[in-house]
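What the coordinates show
Listed here are the chains, written in short residue letters.
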Amino acid sequence: MSDLRSLVRRRGTLLLSALLLCALPFYLDAFWLRIGLFSMAAAIGAVGLGLLSGTAGQLSLGHAFFLATGAYGYVWLAGEPGPGLPPAVAAVLAVLLAGAAGGLFSPVAGRVKGIYLGVATLALVFLGHHVLLTADSVTGGFNGRSVPPLEAGGFAFADSGPRLTVLGVPFGAEERLWYLGLALFALTWFTARGLLRGRPGRALAALRDSETAASVMGVHVARYRSAAFVVSSMYAGLAGVLLALSFRRVVPDYFSLALSVDYLAMIVIGGLGSVAGASAGAVFVTALPLLMTRYADQLPLVATPGSGDGAIGPTEASRYLYGAAIVVILLRAPDGLSGLAGRARARLRRRPPVTGPPGAASDSESSEESGASGASDDSDDSDDSDPSARAKEHTP
């Protein structure tokens, strides 16, 4: 009975979270929607790196290379100069292109591990950055290229498409891309959790713990290592496509070593081997510099961008903060935010009941049931409200 109750609770929480995320574009301004888009794209890439490093135990410093492969692959395949393919087809092919790049490197990933694999993947970042700067006809060189808007079935995920108004709220590029990002993130979430809970996830976990024991149990070590690298590359390519659509312009300097380090910070802060933890870490690392940039004039010891007064900029300050967060996580909670959340839920379940005079327990239970029913009635009433009743401000 308790298992059924726990399952219903989890499904209800998931449904309420999905409804809340779907309702946000009706209330949030463009700035907050962009933060959400960048966070969803980062979460997709972080989940892929979490599968590779957290589950399979393979260190990778070349995640930025596969993000760039997905982003520039989409831009070239869908744009001019380039084949000029339909944007939806170009997006799928860009993800496959990132997977193919991971497949070409997978023989190295299948035979090298630890710090040696990290150094080998580090070479990919420098090689990719050099190619992005020199292949002007494909990448646009130092200045990069503008990103063709995504279109599917005559619907454009951009402001250039037909004007769209939903429940009195104008839907521009951010609002349209929000739902695309949600769909891609949901796809990433469920496929990654399916991999972790299935036979591949158990094989990768055994491989991480002990190669000898995994091989004795019938796990093909090189094959599973290579497969993990390819899957992680495809997730990174998908994240690169969504990032390109969100930024609307891609430049080589964004896909540098610092981006790979950011992704390592995401999975360490969130918790290695956890899909939810990688997503939470991605939101933290992505949103922090954007928020500090917007509110830099209200923060102590942080200079506004372009002030040039020698103080710490918001980007540098945010790196210091989540660098300190990594140290605290490693010292106090090595399993990251996901482990902290799991322990908090366990403490809540083990909380002893409040004792009192006879009859108090039944009275409290009845009051809790009435409160729960009242809360559900309130939530039902709130779900019936019209989102367009609230005014929404748009940023230019």
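Residues numbered from 1 in each chain as written. Predicted model: local features only at pLDDT ≥ 70, side-chain atom pairs only at ≥ 80, totals over all residues. Heavy atoms only, no water.

1. Some points on the confidence of the model for the protein
Put simply, the protein has an average pLDDT of 82, and 85% of its residues get 70 or more. Scored below 50 in pLDDT, residues 356–391 makes 9 contacts in the model with residues more than four places away or belonging to other chains. (pLDDT = per-residue confidence, 0-100. Contact = heavy atoms within 4.5 Å.)

2. What about the nonpolar core?
By size, the foremost hydrophobic cluster in this structure holds 77 residues, and its most contacted members are Leu67, Tyr74, Leu245, Val250, Phe255 and Tyr263. Ranked by the residues each element gives to this core, the list is headed by helix H2 (residues 30–55), at 13 residues. Not counting residues up to four positions away in its chain, the partners in contact with Phe255 are Ala64, Leu67, Ala68, Ala71, Tyr72, Val125, His129 and Val250. Of all hydrophobic cores here, the second largest spans 6 residues; its members include Ala203, Leu207, Ala214 and Val219. (Core = buried A, V, L, I, M, F, W, Y, C linked by side-chain atoms within 4.5 Å. Buried < 20%, exposed > 50% of the residue type's maximum accessible area, 1.4 Å probe, protein only. Helix = DSSP H or I, 4+ residues; strand = E, 2+ residues; numbered from the N terminus.)

3. Observations concerning a nonpolar patch on the surface
Side chains of Val89, Val92, Leu93 and Leu96 sit close together on the surface and give an oily, nonpolar patch of about 320 Å² of accessible area. Structurally, the position occupied by Val92 is in helix H4 (residues 87–111). (Patch = residues over 30% accessible without salt bridge, like charges linked within 9 Å, V, L, I, M, F, W, Y side chains within 5 Å. Areas by Shrake-Rupley, 256 points an atom, 1.4 Å probe, with all protein chains shown as cover. Salt bridge = Lys/Arg side-chain N within 4 Å of Asp/Glu carboxyl O.)

4. Quick look at the pattern of salt bridges
According to the stated counting rule, one finds 7 salt bridges in the structure shown. Here Glu174 makes a salt bridge to Arg34, at a shortest N to O gap of 3.2 Å. Highlighted residues: Glu174 in helix H7 (residues 173–197) and Arg34 in helix H2, separated in sequence by 140 residues. For Glu174, a relative accessible area of 9% gives the class buried. With a relative accessible area of 27%, Arg34 lands in the partly exposed category.

5. Remarks on the packing of helix H12 (residues 275–294) against helix H13 (residues 314–332)
In the contact formed by H12 and H13, the axes pass within 8 Å of each other and the chain directions differ by 145 degrees. As H12 runs across H13, the sense of the crossing is right-handed. Along the contact surface, H12 presents Phe284, Val285, Leu288, Pro289, Met292 and Thr293, while H13 presents Pro314, Ala317, Ser318, Leu321, Tyr322 and Ala325. Each residue belonging to the contact of H12 with H13 can be placed in one class, and the counts come to 10 nonpolar, 2 polar and no charged. (Axes fitted to C-alpha atoms, helices over the stretch in contact; angles between N-to-C directions. Left-handed = near helix turned anticlockwise from the far one by under 90°. Nonpolar A, V, L, I, M, F, W, Y, C, P; charged D, E, K, R; others polar.)

6. Some points on the side chain of Ser60
Position of Ser60 among the secondary structure elements: in the loop between H2 and helix H3 (63–78). A relative accessible area of 2% places Ser60 in the buried class. Among the polar contacts listed, one links the side chain of Ser60 to the backbone nitrogen of Gly62, at a separation of 3.4 Å. (Polar contact = N/O pair within 3.5 Å; in protein donor to acceptor, adjacent residues only side chain to side chain.)

7. Some words on a positive patch on the surface
A contiguous patch of positive charge, built from Arg5, Arg9, Arg10, Arg11, Arg197, Arg345 and Arg349, is present on the exposed surface. If you tally residues by element for the positive patch, the top one is helix H1 (residues 2–23), at 4 residues. With relative accessibility at 48%, the residue Arg9 sits in the partly exposed group. (Lys, Arg positive; Asp, Glu negative; His and termini not counted. Charge placed at Lys NZ, Arg CZ, Asp CG, Glu CD.)

8. Section: the packing of aromatic side chains
Each aromatic ring pair is summarised here by two numbers: the centre-to-centre distance and the angle between the ring planes. If you walk through the whole model with that rule in mind, you get 9 aromatic pairs. Relative to Tyr254, the ring of Phe247 has its centre 5.1 Å away and its plane inclined at 65 degrees; by these criteria the two rings are edge-to-face. Overall, the relative accessible area of 31% leaves Tyr254 in the partly exposed class. Joined through ring pairs, the aromatic side chains of Phe38, Tyr72, Phe247, Tyr254 and Phe255 make up one cluster. Here Arg294 stacks its cationic end above the ring of Phe31, 4.2 Å away from the centre of that ring. (Phe/Tyr/Trp six-rings, centres within 6.5 Å; stacked < 30°, edge-to-face > 60°. Lys NZ or Arg CZ within 6 Å of the ring centre and 35° of its normal.)

9. Things to note about the side chain of Ser53
Here Ser53 lies in helix H2. Ser53 sits in the buried class, given a relative accessible area of 14%. Contact partners of Ser53, with chain neighbours within four places excluded, come to Gln58, Leu59, Ser60 and Ile267.

10. Some words on H2
Note that an α-helix has 3.6 residues per turn; residues three or four places apart therefore point the same way. With 26 residues, H2 should reach 38 Å at 1.5 Å per residue; the first-to-last C-alpha distance of 36 Å fits that figure. In terms of residue burial, H2 counts as a mostly covered element, since 24 of its 26 residues are buried. Downstream of H2 by one or two residues, Gly57 has phi in the positive range, about 75 degrees. (Expected span 1.5 Å × (residues − 1).)

11. Description of H3
Over its 16 residues, H3 extends 23 Å from the first C-alpha to the last, a length consistent with the 22 Å expected when each residue adds 1.5 Å. With 14 of its 16 residues buried, H3 lies for the most part within the structure.

12. Structural notes on the environment of Pro148
The topology assignment puts Pro148 in the loop between strand E1 (145–146) and strand E2 (151–152). Pro148 sits in the buried class, given a relative accessible area of 17%. Along the sequence, Pro148 and Val75 sit 73 residues apart, while their C-alpha atoms lie 6.5 Å from each other. If near-sequence neighbours (up to four positions away) are discounted, Pro148 is found in contact with Tyr74, Val75, Ala78, Gly79 and Leu245.

13. Some points on empty space enclosed by the protein
A complete count under the given rule lists 2 cavities of 30 Å³ or more for this structure. Taken as a whole, the largest cavity spans an internal volume of roughly 40 Å³. The element that contributes the greatest number of residues to the lining of the largest cavity is H2, accounting for 4 residues. The residue makeup of the lining of the largest cavity, split by class, is 4 nonpolar, 4 polar and no charged. Counted as a void, the second largest cavity has a volume near 30 Å³. Around the second largest cavity, the lining residues are Ala64, Phe65, Ala68, Leu124, Val125, Gly128, His129, Leu132 and Phe255. Of all the secondary-structure elements, those providing two or more residues to the lining of the second largest cavity are H3 and helix H5 (114–134). Ranked by residues supplied to the lining of the second largest cavity, first place goes to H5 with 5 residues. Here the residues of the lining of the second largest cavity sort into 7 nonpolar, 2 polar and no charged. (1 Å grid on protein atoms, 1.4 Å probe; cavity = no way out; pocket = protein on both sides within 12 Å on 5 of 7 lines; lining within 4 Å. Points joined across faces, edges and corners; volume = space filled by probe spheres on them.)

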